[in-house]
Amino acid sequence: MESEEEFKMPLLGDEAPDFEAQTSQGKLRLSDFKGSWLVMFSHPGDFTPVCTTEFMAFAELAGEFKKRNCELLGLSVDSAPSHIAWVRNIEEKTGVKIPFPIIADGNKEVAKKYGMIHPGQSATETIRATFIIDADGILRLILYYPLTTGRNMQEILRCIDALQTADKHHVATPANWKKGEKVIVPFPLDQESAEARLKEGYECIDWYLCKKELKKE
Amino acid sequence: MPCILPDGSITETAKKVLAVAMTEKSVEEIAKGSSLPLFRVRSSIRELIDAEFIAEKNGKYLTTEKGKEKI
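**Considerations on the overall build of chain B**
- Per the secondary structure count, chain B includes four helices and two strands.
- Along chain B, from the amino end to the carboxyl end, the secondary structure elements read α-α-α-β-β-α.
- Taken over the C-alpha trace, chain B has a radius of gyration of 10 Å; the compact-globule value for 71 residues is 11 Å, and the two agree within 12%.
- Seen along its three principal axes, the alpha-carbon backbone of chain B occupies a region of about 30 × 25 × 15 Å.

**Topic: the interface of chain A and chain B**
- Every contact between the two is made by 16 residues of chain A and, on the other side, nine residues of chain B.
- Our enumeration of links across chain A and chain B arrives at one salt bridge.
- Arg46 of chain B serves as the salt-bridge partner of Asp32 of chain A, at 2.8 Å between the closest nitrogen and oxygen.
- Among the elements that make up the side of chain A that touches chain B, the one with the highest residue count is strand β2 (residues 26–29) of chain A (four residues).
- In the side of chain A that touches chain B, the residues fall into three nonpolar, six polar and seven charged.

**Focus on the pattern of salt bridges**
Residues and elements named next belong to chain A.
- Applying the stated criterion across every chain, the model contains 19 salt bridges over all chains.
- One salt bridge connects Arg68 with Glu64, and the closest N-O pair in it is separated by 2.9 Å.
- Put simply, Glu64, Lys67, Arg68 and Asp161 are held in one network by salt bridges that share partners.

**A short note on helix α6 (residues 153–169) of chain A**
Residue and element names in this part refer to chain A.
- For α6, which comprises 17 residues, the first-to-last C-alpha distance of 24 Å matches the rise-based estimate of 24 Å (1.5 Å per residue) to within 8%.
- Of all the residues in α6, the buried ones are Met153, Ile156, Leu157, Cys159, Ile160, Asp161, Ala162, Leu163 and Thr165.
- Once α6 ends, the next one or two residues include His170, with phi positive near 55 degrees.

**A few points about the side chain of Ser44 of chain B**
- One can find Ser44 of chain B in helix α3 (residues 38–50).
- Not counting residues within four places of it along the chain, the set of residues in contact with Ser44 of chain B comprises Cys3, Thr13 and Val17 of chain B.

**Regarding the pairing of strand β10 (residues 209–212) of chain A**
Residues and elements named next belong to chain A.
- Direction of pairing for strand β8 (residues 183–184) relative to β10: antiparallel, over a ladder of two bridges. By the bridge assignment for β10, Ile184 is matched with Lys211.
- By the bridge criterion, three bridges tie strand β9 (residues 203–206) to β10 in an arrangement that is antiparallel. Within the sheet, the bridge partner assigned to Glu203 lies in β10 and is Lys211.
- Where β9 folds back on β10, the antiparallel hairpin that results is connected by two residues.

**So, the packing of aromatic side chains**
Residue and element names in this part refer to chain A.
- By the definition in use, this model includes twelve aromatic pairs over all chains.
- Seen from their ring centres, Trp207 and Tyr208 are 5.6 Å apart, and the 80 degrees between their planes marks the pair as edge-to-face.
- A relative accessible area of 34% places Trp207 in the partly exposed class.
- Taken together through their ring pairs, the aromatic side chains of Phe41, Phe55, Phe58, Phe65, Trp86 and Phe100 make up a single cluster.

**Points about the nonpolar core**
Residues and elements named next belong to chain A.
- Grouped together as the largest cluster of nonpolar side chains are 30 residues, with contacts concentrated most on Val39, Phe58, Phe65, Ile132 and Ile156.
- Elements with a contribution of two residues or more to this core: β3 (37–42), α2 (49–60), α3 (62–67), β4 (70–76), α4 (80–94), β7 (139–145) and α6.
- Per-element tally for this core: the top contributor is α6, with six residues.
- Excluding residues within four positions of it along the chain, Phe58 makes contact with Val39, Phe41, Phe65, Leu72, Phe100, Met153 and Ile156.
- The next biggest cluster of nonpolar side chains, apart from the first, holds 22 residues, and it includes Phe19, Val110, Ala111 and Met116.

**Let's talk about helix α1 (residues 12–20) of chain B**
Residue and element names in this part refer to chain B.
- Burial in α1 covers these residues: Thr13, Ala14, Val17, Leu18 and Val20. Taken down its axis, α1 places every buried residue within 165 degrees of arc, on the same side.
- Contact partners of the buried residues in α1: α2 (27–34), α3, β1 (54–57), β2 (60–63) and α4 (65–68).

Cut-offs applied
Residues numbered from 1 in each chain as written. Chains lettered and ligands numbered in written order. Predicted model: local features only at pLDDT ≥ 70, side-chain atom pairs only at ≥ 80, totals over all residues. Heavy atoms only, no water. Helix = DSSP H or I, 4+ residues; strand = E, 2+ residues; numbered from the N terminus. Rg over C-alpha atoms; globule rule 2.2 N^0.38 Å. Contact = heavy atoms within 4.5 Å. Salt bridge = Lys/Arg side-chain N within 4 Å of Asp/Glu carboxyl O. Nonpolar A, V, L, I, M, F, W, Y, C, P; charged D, E, K, R; others polar. Expected span 1.5 Å × (residues − 1). Buried < 20%, exposed > 50% of the residue type's maximum accessible area, 1.4 Å probe, protein only. Pairing = 2+ DSSP bridges. Phe/Tyr/Trp six-rings, centres within 6.5 Å; stacked < 30°, edge-to-face > 60°. Core = buried A, V, L, I, M, F, W, Y, C linked by side-chain atoms within 4.5 Å. Arc of directions from axis to C-beta.

Written as structure tokens, this is what we have:
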């Protein structure tokens with residue numbers, strides 16, 4: 001029972017569990033990010049190859065995340081000095097500066113709160129978990145990747161675009177949608193609306209699948 | 001990186017926060033005025049309040065006399 005509680009994962013739509021943690025940029029609380037979107041992501045370990053490529057990829061797109069009012073926050077069970085040394089090493093060897101803080105979660109307090117330890121993968125390292133948290137602190141999207149598979153940062157950006165577009169325009173986004181493409185009009189919930197839907201000027205395959213362009217911003 | 005170093009000196013981030021808060025400001029105004037992200041401003045303010053370099057009143061923040069000496 002205790003271990004079930006230990007690895008309880010927060011669910012989409014939940015308020016993201018708050019914490020205070022030591023990071024490579026000082027002590028931070030999750031609530032410090034309120035007002036901004038946040039991509040919080042864990043990695044298995046500093047000075048490891050896949051994680052290094054991921055950090056470089058996140059850093060290279062940091063400006064794109066900023067444009068979306070989105071901050072980045074890394075996490076692993078390594079210490080703050082290890083994070084600092086790794087970040088400095090990445091910059092020295094590749095010229096890529098890591099601009100975002102990294103949580104030093106040695107006691108796994110945050111990792112346990114967010115279900116970042118998957119014992120089937122590793123009992124000691126955090127897997128590649130990604131949490132997108134909105135400006136109100138609500139958990140909006142979770143991605144889990146195994147230790148061997150690096151994440152696709154463009155997909156994470158695409159998810160933020162999709163969530164922000166859905167919020168702003170009250171629409172949904174289809175498979176493989178990218179910003180600027182047509183969006184899905186929410187399907188009608190009664191027969192009268194369903195019959196009217198086909199006359200509303202949308203691009204429809206049928207009453208339940210209609211798309212529209214959004215006005216250019 | 002903490003705002004206040006073990007030798008009592010403060011970081012550039014802390015100086016920016018204190019400089020903007022010379023007149024009463026909200027967190028958002030300090031973030032805008034210092035070009036720092038909100039999360040850095042909030043965490044810095046916590047430390048600066050503990051050190052009595054900044055004071056809070058009705059959700060606004062003002063650099064104290066002690067804080068002014070650090071800029």
